[in-house]
Number of protein chains: 2
Amino acid sequence: MQHYFMTDCEPGHRNLDLPTDISHHLLTVLRAKRGDQFELVLADHQTYLAELVSNGQARIIKRLARQSELPVHVVLACGVPKTKDKPELIVQKGTEMGASQIIFFDAQRSISYWKGNKRERKLQRLQKIAQGAAEQSHRNYVPTVAYAKNWQEAVALAQADECLVAWEESAKEGEEAKLAQNLKNLRPGQRLLAIFGPEGGLTSGEVDAMQKDGITAVGLGPRILRTETAPLYLMAAVSYQLELTK
Amino acid sequence: MQHYFMTDCEPGHRNLDLPTDISHHLLTVLRAKRGDQFELVLADHQTYLAELVSNGQARIIKRLARQSELPVHVVLACGVPKTKDKPELIVQKGTEMGASQIIFFDAQRSISYWKGNKRERKLQRLQKIAQGAAEQSHRNYVPTVAYAKNWQEAVALAQADECLVAWEESAKEGEEAKLAQNLKNLRPGQRLLAIFGPEGGLTSGEVDAMQKDGITAVGLGPRILRTETAPLYLMAAVSYQLELTK
């Protein structure tokens, strides 16, 4: 069933005027008819079952009990990758898997620096991808996409209770249990920040500085994961540990 | 460090003639010089440290202890997706995350039927992507990519000890622990088959028939994952459970 966000609309009204983009999508793209049902997320971030009553108007039928958010807030901070498609993949899949916020930061080995207008346009496009993925995966929240000029600024933006950095050298050192230990200790509502390098990885200088700042280096298994694959591994691990392991 | 497969070459020789594609990549693409080091996986599927001795020849320095294979064999069976990029993403990321075999099968809702020559060309291209991803992630094995005309043929091909099907209705029914139970019961060396629907999902008829055939339906959390995201979630969950959770 189609799922839309109308988070500027407070719940409590029985009939709603749909904004132009939603009514266009329903009527023109999906050719919906009077009585067709869809889901709306309102300002309380709950999902409501709605039906089309006339062109551009919807009637709320009931609130749905379904909750599709992770029990913790996960912030992904990724070194700006070289190519255009990698940030798009991280945002799309990270959103599907439940991320709360996705920050791209300029790491020492980031090659493509996002500058000025170009950066704003990129962020707008990525935010739109997050919105589409949040609709597709029936989320209650759309994650925010942001830019930070370095990892320190990403850490400040994230305001996390627990900070991790994915570091492949951890795997080489035989460190295998730190990620699981950290995830098991998370309490509902806490914020987890996970930092990832760009292509070519973080420098050992960056990782040393992060560790001095109290950030825990964790391995993601013995295989070398591409820059866009590591955040998806982390998101799946968080969901598996906190949603599927009793 | 660069990582190549020479699995038709038995170990035990000190000097090796490199095949044309590897020597071309080393000399022309990477501009490697005499004494430059790289990794070779030989017929025993162990990784060896090698160095370039002259154009087209390598010397084996030593066997490396590193093991990058999952303790179990994971076979992904995915309903043929509509678009070209989704199978490529599944093969690339599935390989990085440790899959042993990736089978695409025609599901009832598969729209793009892979036919005749087209199918062969697609499989060749996907096999090449698997090879590239196995080199990049420093695997000891290159997964095989195959086609099956339906899920029954995929099951027959996989020869698995344990078969799962990802089924989003399981999540709606509040089933949350079956995947974890299944993964915890796997023993090293066993083969796990995980089946995924194409866009639009498997039909309930297909899932009923699978369950009658002894295949366990499992949920992958409360969010609806795209057809290409679900296999990556599964791969990360297997790695997290079997490699990172003690």
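Here is what the cut-offs are and how they apply
- Residue numbers restart at each chain and count upward from 1, following the sequence in its written direction.
- The naming scheme follows written order: chains are lettered A onward, ligands numbered 1 onward.
- With pLDDT at 70 or above as the cut-off, local features in this predicted model cover only qualifying residues; side-chain atom pairs require 80 or more to be listed or tallied, and sums for whole chains, interfaces and linings still use all residues.
- Heavy atoms from the whole structure form the basis of all side-chain values; hydrogens and water molecules are not counted.
- Two residues form a contact once any of their heavy atoms are found within 4.5 Å.
- Any Lys or Arg side-chain nitrogen located within 4 Å of an Asp or Glu carboxyl oxygen qualifies as a salt bridge.
- Polar contact is the term for a pair of N or O atoms within 3.5 Å; when the atoms are in protein, one must be able to donate a hydrogen and the other to accept it, and sequence-neighboring residues count only if both atoms are side-chain atoms.
- Counting from the N terminus, the helices are DSSP H or I runs at least four residues long and the strands are E runs at least two residues long.
- Throughout this entry, Asp, Glu, Lys and Arg are counted as charged residues, while Ala, Val, Leu, Ile, Met, Phe, Trp, Tyr, Cys and Pro are counted as nonpolar. The remaining residues, Gly among them, count as polar.
- Relative accessible area decides the class of each residue, using a 1.4 Å probe on protein chains only: under 20% of the type maximum gives buried, over 50% gives exposed, and in between gives partly exposed.
- Only strands joined by at least two bridges in the DSSP assignment are considered to pair.
- Between 30 and 60 degrees the pair is tilted, below 30 it is stacked and above 60 it is edge-to-face, where a pair is any two Phe, Tyr or Trp rings, Trp via its six-membered ring, whose centres lie within 6.5 Å.
- For helices, the fitted line uses only the C-alpha atoms of the stretch in contact; every axis is such a line through C-alpha atoms, and the angle between N-to-C directions lies from 0 to 180 degrees.
- Should an angle fall under 35 degrees it is called roughly parallel, over 145 degrees roughly antiparallel, and 65 to 115 degrees roughly perpendicular, with every other angle called oblique.
- The hand of a helix crossing depends on one turn: near helix anticlockwise from the far one by less than a right angle means left-handed, and clockwise means right-handed.
- Copies are brought into register by a least-squares superposition over C-alpha atoms of residues with pLDDT of at least 70 in both.

In this complex, chain B contributes 41 residues to the contact, which on the side of chain A involves 41 residues. Our count for the chain B to chain A interface comes out at six salt bridges. Across the pair Glu-243 of chain B and Arg-223 of chain A runs a salt bridge whose closest N-O atoms are separated by 2.8 Å. The interface formed by chain B and chain A holds 24 residue pairs in polar contact (both at pLDDT 80 or more) in total. Those elements that provide at least two residues to the side of chain B that touches chain A are helix H2 (85–96), helix H3 (116–136), helix H6 (178–185) and helix H8 (230–244) of chain B. Here the element with the most residues in the side of chain B that touches chain A is H8 of chain B; it accounts for eight residues. Here the side of chain B that touches chain A is built from residues that sort into 17 nonpolar, 13 polar and eleven charged.

Bringing the pairing of strand S3 (residues 37–41) of chain A into the picture now. Residues and elements named next belong to chain A. By the criterion of burial, S3 is predominantly enclosed, with four of the five residues buried. Pairing analysis gives three bridges linking strand S1 (residues 3–5) to S3, with the strands arranged parallel. When the bridges of S3 are listed, His-3 appears paired with Glu-39. Here S3 runs beside strand S4 (residues 47–54); their pairing, made up of five bridges, is antiparallel. Considered in S4, the bridge of Phe-38 is made with Ala-50. From the end of S3 to the start of S4, which pair antiparallel, there are five residues, and His-45 there has a positive phi angle of about 60 degrees.

Attention now moves to the packing of aromatic side chains. The final tally for this structure, using the stated rule, is seven aromatic pairs over all chains. Aromatic pair Tyr-4 of chain B and Phe-38 of chain B: ring centres 6.0 Å apart, planes at 75 degrees, arrangement edge-to-face. Here Tyr-4 of chain B, found in strand S1 (residues 3–5), pairs with Phe-38 of chain B, found in strand S3 (residues 37–41); they are 34 residues apart in sequence, far enough to count as distant. Accessibility classification places Tyr-4 of chain B together with Phe-38 of chain B in one group, the buried group. Here the aromatic rings of Phe-104 of chain B and Trp-114 of chain B are separated by 5.3 Å at their centres, their planes lie at 45 degrees, and the arrangement is tilted. With Phe-104 of chain B in strand S7 (residues 101–105) and Trp-114 of chain B in the loop between S7 and H3, the pair connects residues that are ten residues apart, well separated along the chain. Residue Phe-104 of chain B shares its accessibility class with Trp-114 of chain B, and that shared class is buried. Members of the aromatic cluster, each reached through a chain of ring pairs, are Phe-104, Trp-114 and Tyr-147 of chain A.

Residue and element names in this part refer to chain A. Secondary-structure assignment places Asn-140 in the loop between helix H3 (116–136) and strand S8 (144–148). The buried category is assigned to Asn-140, whose relative accessible area is 0%. A distance of 3.4 Å separates polar atoms of two side chains, one belonging to Asn-140 and the other to Thr-47. For Asn-140, the residues in contact, after removing those within four places along its chain, are Phe-5, Val-41, His-45, Gln-46, Thr-47, Arg-66, Gln-67, Ser-68 and Glu-69.

What follows concerns the packing of H2 of chain B against H3 of chain B. Residues and elements named next belong to chain B. Interhelical geometry of H2 versus H3 gives an angle of 30 degrees and a closest axis separation of 8 Å. As summarised for this structure, H2 and H3 are arranged roughly parallel, according to the angle between their axes. Note that H2 runs across H3; the crossing there is right-handed. Where H2 approaches H3, its residues Pro-87, Glu-88, Val-91, Gln-92 and Thr-95 are matched on the opposing element by Arg-125, Leu-126, Ile-129, Ala-130, Ala-133 and Ala-134. Considered class by class, the residues forming the contact of H2 with H3 number seven nonpolar, two polar and two charged.

Rotating chain B by 180 degrees and moving it 0.0 Å along the rotation axis overlays it on chain A with an RMSD of 0.0 Å. One copy is carried onto the other by what is essentially a two-fold rotation axis.

Residues and elements named next belong to chain B. Ordered by their spatial adjacency, five strands build an open sheet running S1-S3-S4-S5-S2, and the pairing between neighbours is mixed. Edge positions in the open sheet fall to S1 and strand S2 (15–17), since each of these has one partner strand only. Averaged over neighbouring strand pairs, the angle between their axes works out to 40 degrees when direction is ignored. Here helix H1 (residues 20–29) sits on the sheet and contacts S1, S3 and strand S4 (47–54); the angle it forms with S1, its principal contact strand, is near 165 degrees.

All names here are of chain A. Pairing within the open sheet is mixed, and its five strands lie in the order S1-S3-S4-S5-S2. Unpaired on one side and paired on the other, S1 and strand S2 (15–17) mark the two borders of the sheet. For this sheet the average axis-to-axis angle between neighbouring strands, irrespective of direction, equals 40 degrees.

Moving on: the environment of Leu-40 of chain A. Among the secondary structure elements, Leu-40 of chain A is positioned in strand S3. Residue contacts for Leu-40 of chain A: discarding those within four places in its chain leaves Tyr-4, Met-6, Leu-16, Leu-18, Ile-22, Gln-46, Thr-47, Tyr-48, Ala-50 and Ile-60 of chain A.

Purely geometric numbers; function is a separate question.
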